[in-house]
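Secondary and tertiary structure notes
Listed below, chain by chain, are the residues.
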2 protein chains.
Amino acid sequence: MNNKDIFAEKLRSSGLRPTKQRIKICKLLFDRKDTFHFTINDLNNSIKSITTEQISLATIYNTIHAFKNKGYLKEISINSDKTYFDTNVSNHHHFFDENKRQLIDLDDKHVGKIKIKKTLPGKKIKSIEVLVKVVNNS
Amino acid sequence: MNNKDIFAEKLRSSGLRPTKQRIKICKLLFDRKDTFHFTINDLNNSIKSITTEQISLATIYNTIHAFKNKGYLKEISINSDKTYFDTNVSNHHHFFDENKRQLIDLDDKHVGKIKIKKTLPGKKIKSIEVLVKVVNNS
DNA sequence: CATAAATTTATAACGATTCTAAAGTAGAGT
DNA sequence: ACTCTACTTTAGAATCGTTATAAATTTATG
Ligand SMILES: [Mn+2]
Ligand SMILES: [Mn+2]
Ligand SMILES: [Zn+2]
Ligand SMILES: [Zn+2]
């Protein structure tokens, strides 16, 4: 079974029809060794650079939101002009390089155990994210 | 010396002319016991509710950016449609209530000491922020 | 093939933020 | 107090990432 069929199967089993647009985006996002961070604009540029048959921007947004809702992508909380997504959906943290405007993974094991010693009545914790902003040394 | 003069003096000593718009915003932001979080829209509404002589939206943006650059306000890193500001400029962390879309302070002492065990060559740490997303219990 | 539901698409709309350029104001010097 | 200049305010336009719309196309199913 080739990649196309694997992705098609995965999409189908998630209740998403395996269109050629979605499979192309799957290949770009998930058919690689390492996870990575991207913006919609990054992705749009990647698509344009590898193919002649382009995908409409609306479809890119639709697809990324669908993948995020299915848990295949994570949206990173960073106050920026653009939204960042992450193909690494495990619990982990980030450096944000303010010069390159780029996210870098910070594994759970690189961050001391975080214990929140305060509770909010009627609320439960959904996630705990650490963002370490870095800038050039000089 | 009344509040107006105190704020005027503070503005002047920061290299900002104490205009009536800036002093009005100072009173709203800093003339209170507790620090708080707000968006530009929140602030605009507050201004409209306490006074008849309104301040143009452009001036509100200008002023908030000036105050932030002078270190009187902090911008909170949260991926939202709007930018959140904080009159608490000390090192601290946040809960973000996803139902109310509201920030709540999380004191340094309520978060276990954070030790980042990874370094990036040529980069230095500018800030470490913990964001704890919470939702309603039910 | 027939049909219904899902998807894609181009384009419009939206909304937060920034830009522009003209009018107004504050502080320094005279 | 008058002048000058730099700073500030302002309304409105522009920008730009994102979302909504509605028509055309594609997919899944019988
Ligand atoms: Mn920002
Ligand atoms: Mn968002
Ligand atoms: Zn990551
Ligand atoms: Zn705070």
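Here we look at the sheet that holds strand E2 (residues 74-76) of chain B
Residues and elements named next belong to chain B. If you trace the 3 strands from one edge of the open sheet to the other, you get E1-E3-E2, paired in antiparallel fashion. If you trace the sheet from one side to the other, it starts and ends with strand E1 (37-39) and E2, each paired once. The average undirected angle you get between the axes of adjacent strands in this sheet is 40 degrees. Taken together, the 3 bridges between E1 and strand E3 (residues 84-86) define a ladder with antiparallel strand orientation. Residue phenylalanine 38 lies in a different strand from E3, and its bridge partner there is phenylalanine 85.

Considerations on the protein's contact with DNA strand D
Taken together, the neighbourhood of DNA strand D is formed by 21 residues, with A:Tyr61, A:His65, A:Thr83, B:Thr19 and B:Arg22 sitting nearest. Between DNA strand D and the protein, one listed contact pairs a phosphate oxygen with a backbone N or O atom of B:Ser56 at 3.1 Å. Take B:Thr59: an N or O atom from its side chain is 2.9 Å from a phosphate oxygen of DNA strand D. Counting residues per element, the ones that place at least two in the surface near DNA strand D are helix H4 (57-69) of chain A together with helix H2 (20-30) and helix H4 (57-69) of chain B. Top contributing element to the surface near DNA strand D by residue count: H4(A), with 4 residues. Split into classes, the residues belonging to the surface near DNA strand D amount to 7 nonpolar, 8 polar and 6 charged.

Reading the values: the criteria
Residues numbered from 1 in each chain as written. Chains lettered and ligands numbered in written order. Predicted model: local features only at pLDDT ≥ 70, side-chain atom pairs only at ≥ 80, totals over all residues. Heavy atoms only, no water. Pairing = 2+ DSSP bridges. Helix = DSSP H or I, 4+ residues; strand = E, 2+ residues; numbered from the N terminus. Axes fitted to C-alpha atoms, helices over the stretch in contact; angles between N-to-C directions. Near = heavy atom within 4 Å. Polar contact = N/O pair within 3.5 Å; in protein donor to acceptor, adjacent residues only side chain to side chain. Nonpolar A, V, L, I, M, F, W, Y, C, P; charged D, E, K, R; others polar.

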